[in-house]
Amino acid sequence: CTPKSLKEFIRVCVRDPRLHKDGRWHTHVDYEICLHTNSLCFRKKTSSVRRRYSEFVWLRHCLEQNAFIIDVPKLPPWNPFFSLQNTERVIQRIKGLQRFLEIVLHTSLLLSDSRLHLFLQSDLSITKIARCAVGKTRYTVAEAIQCSRTGCIRSEEKVSCDSDCESTSSSGLGLSVDTSGRGSPIFFQSDGDPEPFCSFSETTSPLTEY
């Protein structure tokens, strides 16, 4: 555990909603999840991944199956008419997603689920997260997290991750960012805040800064 001289903290921030085109007619929105911690429960002390709402739904279902004696926090409700053009709805969703993660990350029992760690600190798709968590991939959970956002893991058949791996490619397995460049960042910020920056907080939501 963390030495007593240092107060353990886990801080999470959900921000930067982006619109992506799935083919000609369909779109989806994903969000950046930034994590900063000194907890030894986590492989990385800082990380950043992008996840879409449906992946949050999948994560909650997994946690619910694994947590028989506690209530898993709820997600903001799904809205079939969700649009980035509606600023109020976007802010409410971001706030709800962040609150969900804050509660989960401060529930010790849920921190033991390797799928949560892969969701937060790897670029794997939910399909590969599920396989990796039960040992059905050639790479371990630790390797998937360590190599996230570096492109080290190319396929389930080969893992090449060593100290020389310095690629900054964001095209890792399962990354939900539209790598063709069609993703559109949408920033929300309050009056008097010149930058779309989301500061970390353990107790308060930084949503007013969008």
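A quick note: this is a predicted structure, and the numbers were derived from the prediction, not measured.

What counts and what doesn't
Residues numbered from 1 in each chain as written. Predicted model: local features only at pLDDT ≥ 70, side-chain atom pairs only at ≥ 80, totals over all residues. Heavy atoms only, no water. Axes fitted to C-alpha atoms, helices over the stretch in contact; angles between N-to-C directions. Helix = DSSP H or I, 4+ residues; strand = E, 2+ residues; numbered from the N terminus. Parallel < 35°, antiparallel > 145°, perpendicular 65-115°, else oblique. Left-handed = near helix turned anticlockwise from the far one by under 90°. Contact = heavy atoms within 4.5 Å. Nonpolar A, V, L, I, M, F, W, Y, C, P; charged D, E, K, R; others polar. pLDDT = per-residue confidence, 0-100. Buried < 20%, exposed > 50% of the residue type's maximum accessible area, 1.4 Å probe, protein only. Polar contact = N/O pair within 3.5 Å; in protein donor to acceptor, adjacent residues only side chain to side chain.

Student: Hey, could you run me through the packing of helix H3 (residues 114–121) against helix H4 (residues 126–133) in this one?
Tutor: Angle between the axes and distance between the axes are the two parameters that describe a pair of packed helices. Between H3 and H4, the least distance of the axes is 9 Å, while the angle of their chain directions is 140 degrees. Here H3 is positioned oblique relative to H4, judged by the angle of their axes. As H3 runs across H4, the sense of the crossing is right-handed. Of H4, the residues touching H3 (which contributes Ser 114, Arg 115, Leu 118 and Phe 119) are Ile 129, Cys 132 and Ala 133. Grouping the constituent residues of the contact of H3 with H4 by class yields five nonpolar, one polar and one charged.

Student: For this particular structure, what's the right way to read the confidence of the model for the protein chain?
Tutor: Detailed reading of the predicted model is not advised wherever pLDDT is low. On average, residues of the protein chain carry a pLDDT of 75, and 69% of them reach 70 or more. Note that pLDDT drops below 50 for residues 154–210; the model gives that stretch 124 contacts with residues more than four away or on any other chain.

Student: Could you clarify how one ought to interpret H3 in this entry?
Tutor: With respect to burial, H3 is a largely interior element, seven of its eight residues being buried. Within H3, the full set of buried residues consists of Arg 115, Leu 116, His 117, Leu 118, Phe 119, Leu 120 and Gln 121. The inward-facing, buried residues of H3 contact strand S2 (26–37), strand S3 (46–52), helix H1 (53–66), helix H2 (87–105), H4 and helix H5 (141–146). One side-chain oxygen of the residue at the start of H3 lies 2.9 Å from the amide nitrogen of Arg 115, identifying that residue as Asp 113.

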